[in-house]
Amino acid sequence: MEHNPGSPGDQDPQQLELPDLPRVRRRPEARRAAGHSHTPAYLAETDPVARVIVDSPVPHLDRPFDYGVPKDLAEAAQPGTRVRVRFGGRQLQGWLIERTDQSEVPRERLQPLIRVQSELPVLTPATLEIARAVAARCAGLVSDVLRAAVPPRVASVEKQVVKAAADTAETEDSDATAEKPDQDLVPVVEAPSLAESAWTLYDGGDTVLERLGQQPDTDSPGEPVRAVFQALPSHPEHTAVDLVAQAVAATRSAGRGAVVVVPDAKTLDRVQAAVEALVPSEDVARLHSDDKPTPRYRAFVQVLQGHRRVALGTRPAVWAPVKDAGLVVVMDDGDSSLTERRAPYHHARDVALVRAEQENLSLLLVGHSVTPEAQRLVDTGWALPVRADRETLRANMPRIVATADSWHRERDSLAGRARLPETAFRVAREALEDGPVLVQVARAGYAPTIACERCRTPARCTACDGPLTLPRSGGRPTCGWCSREALAWSCSVCEHRRWRMSSVGSQRTAEELGRAFPQVPVINSSGERIRRVIDDEPALVVATPGAEPWVEGRYRAALLLDGDRMLSRPGLRSEEETLRRWFDAAALVRRGADGGSVVVTSEHEHAVNTLVRWDPAGHAIRELAERRTLLLPPAVRSAALTGTVAAVQEFLALAALPDQVRVIGPAPVDPGAVEAITGEAPTSLLGESAGATGAEGSSGAGRQDEQHRALLFFGYGIAREVTARLRAVRSETSALRRFGPVHVRCDIADLL
């Protein structure tokens, strides 16, 4: 039987050598040099070394590894493809990012690629560079970022694409005289008329639209425009969605591509309809995680190949590899759904900022409110403020009624304490004669929290100490953590066995309004049953923040309930988030000149005055000034280190952070805060969840494993150095296993 000494892994066990001669041990330098000069026969002749990023959550593996490229995979193994490699005795997926002929590892010792999972290079060099920058900014792993940047593979879609490319090549070879089709041919889009555009109503809007529509020079792409755009709330002829569509059309008329990122599916539907009214639908790709994998991946591949030059979608769409992109739009950047739920928890706005800098793109942050992060971009001069003047704003906003002001208190002593004051009933009754009325409530469900009837102590589960809720009318109290029913509940303080509802959810509110307005249909949009669009007919629409359906003719009135409850939530962003929800809900109502009214029942004077004046930019300026004084985000950057107290202390000591970094803690955190930071429930040493340890959780073992958190605050000038040190310590401690795991998360304003 013939033996091929060049095949991988096959070495002759009967290696011949002269007897009685000492074996000469070659020095490592000489052995390495010999490895460079000799290429095993099974490796490709050209660029036999592949650099691969292994898809692994282990921090010290966050770097490229060298693998050999077998001859049979030389053509398919191209940069940007998915590959399977052997690592640590297991087969893992990885990203092939480079082919080269240089390696520090001797070539005969290179592990070969097992196979190329996809011949389609779906990871572009630009996406890889942005992923590296985002990982460095967030002290995360490049593999984690790439997992969010590139959608999961659908083999059937790739087979269709590869087959179509092969058929095209075969046709071209058989008819050499035929004119070669232009694969990048896209529909021609006319620029929107500046005179008829709604952008002219905004200070600086015409300049922004004109610059977006300028044809780029062949030698220079031109100066990009970056702006923070505050849209008019209730203009009868256009919405924020229409303004975005006009910006996309202007960009496409200049031959550039565009990316639009929205917070939810109902906004995506509206944006898609508005864009396709100005741009041919065959030029628009929809990228939404809730869509089925096949159409989503097909749209991604079409964008990758340049067949579609406008990408619309939710959070992952910010990574869309649009060919010759010129514009990135992020709508409602304060929405929490734009934050990635998995490590490294990057925000779509931050990815858009990095992408705009690296690819020299224009960037628009569009919404009815202004976040402190966006206002900081304006203060630094990086972005321009674009908003209408006060006279135009007052003419195109609904009438705001605050039931807790002095005028209403004099006429109704209960106006400030009642959940539905008389003014709210009157406004709703009058508005229902013409169309729908929106009722915004804080929480979904029937009774989100219950308490003891006698002493008002919040009811807790006897098994895991979680909060008890009432899921429906006539139902039994159920734990919000472990979902167990409280069959024989009694108060832990006074042992009383009767309870009362301490808060009311959307279902209970809809039930009460149904009794008050028996002839009017009541629509509930909350939880898992969210209505995207409703008819323009009289109806009471009870919705939680962010779940408000769109009405083509707009709502006639809106009742903003539970404002004090939303404002009383602990957190740095509670007031900012409540105002954003109020502005978004009020923007769905007709303007005051057409009879639109908004009733707000909160007693919070500062927040209510901001809503009445409709001054989101002023609120953002004041918030940013206060946070600069207190050195809180986004005036400074931040990070959270979560782990056992010993692990966090050793991590900080090993990091040796600069003196300018302000460190708070480590301090104990409750299980809910740990889950919010790490995305998973904390576990004890025995592998049990913290809520299931019961009384034993307070024992010595439980105290040793109790989760602690240290907060870091540092300026933007040293942010690059700090995040680099955090990444380095993560990698070192992971490799050496010196102490327990420490979870690192940057930009934690939503956790403060």
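Residues numbered from 1 in each chain as written. Predicted model: local features only at pLDDT ≥ 70, side-chain atom pairs only at ≥ 80, totals over all residues. Heavy atoms only, no water.

1. Focus on the side chain of Arg226
Item 1. With respect to the helices, strands and loops of the structure, Arg226 is situated in strand β6 (residues 226–230).
Item 2. Overall, the relative accessible area of 12% leaves Arg226 in the buried class.
Item 3. A polar contact of 2.9 Å, which involves the side chain of Arg226, links it to the backbone oxygen of Leu361.
Item 4. If sequence neighbours within four positions are ignored, Arg226 has contacts with Ala356, Glu357, Asn360, Leu361, Ser362, Leu363, Trp382, Ala383 and Leu384. (Helix = DSSP H or I, 4+ residues; strand = E, 2+ residues; numbered from the N terminus. Buried < 20%, exposed > 50% of the residue type's maximum accessible area, 1.4 Å probe, protein only. Polar contact = N/O pair within 3.5 Å; in protein donor to acceptor, adjacent residues only side chain to side chain. Contact = heavy atoms within 4.5 Å.)

2. So, empty space enclosed by the protein
By rolling a water-sized probe across the atoms, one finds the places where empty space is left.
Item 1. Following the criterion strictly, the structure yields three cavities of 30 Å³ or more and no others.
Item 2. What lines the largest cavity is Gly334, Ser369, Val370, Thr371, Pro372, Glu576, Glu577, Leu579, Arg580, Phe583, Pro616 and His619.
Item 3. For the lining of the largest cavity, the leading source of residues is helix α16 (residues 574–586), giving five residues.
Item 4. Along the lines of polarity and charge, the residues of the lining of the largest cavity split into five nonpolar, four polar and three charged.
Item 5. Of the volumes computed, that of the second largest cavity is approximately 70 Å³.
Item 6. Looking at the second largest cavity, the residues that line it are Ala148, Ala149, Val150, Pro151, Leu287, Arg296, Phe300, Pro316, Ala317, Trp319 and Ala320. (1 Å grid on protein atoms, 1.4 Å probe; cavity = no way out; pocket = protein on both sides within 12 Å on 5 of 7 lines; lining within 4 Å. Points joined across faces, edges and corners; volume = space filled by probe spheres on them. Nonpolar A, V, L, I, M, F, W, Y, C, P; charged D, E, K, R; others polar.)

3. Thoughts on the environment of Pro121
Item 1. Mapped onto the fold, Pro121 is located in the loop between β5 (115–116) and α2 (125–138).
Item 2. On the basis of relative accessibility, which here comes to 35%, the residue Pro121 falls in the partly exposed class.
Item 3. Through-space distance from the C-alpha of Pro121 to that of Trp95 is 9.6 Å; in sequence the pair is 26 residues apart.
Item 4. Those residues in contact with Pro121 that lie beyond four places of it in its chain are Pro79, Gly80, Thr81 and Leu304.

4. Brief notes about the sheet that holds strand β23 (residues 557–560)
Strands belonging to one sheet form pairs held by backbone hydrogen bonds; the direction of such a pair is parallel or antiparallel.
Item 1. The parallel open sheet is built from six strands, whose spatial order is β13-β24-β23-β14-β21-β19. Edge strands, defined here as strands with exactly one partner in the open sheet, are β13 (399–402) and β19 (522–525). Neighbour to neighbour, the strand axes of the sheet diverge by 20° on average, direction disregarded.
Item 2. Pairing analysis gives four bridges linking β19 to strand β21 (residues 540–543), with the strands arranged parallel. Looking at β21, one finds that Asn524 is bridged to Val542. (Pairing = 2+ DSSP bridges. Axes fitted to C-alpha atoms, helices over the stretch in contact; angles between N-to-C directions.)

5. Section: the packing of aromatic side chains
For any two aromatic rings, the description comes down to two numbers: the centre-to-centre distance and the angle of the planes.
Item 1. Applying the stated criterion across every chain yields a total of six aromatic pairs.
Item 2. Judged by centre distance (4.6 Å) and plane angle (55°), the rings of Trp199 and Phe229 are tilted. Here Trp199, found in the loop between α4 (155–174) and α5 (205–212), pairs with Phe229, found in strand β6; they are 30 residues apart in sequence, far enough to count as distant.
Item 3. Residue class for Phe229 comes out buried when judged on its relative accessible area of 1%. (Phe/Tyr/Trp six-rings, centres within 6.5 Å; stacked < 30°, edge-to-face > 60°.)

Just distances and angles here, no functional claims.
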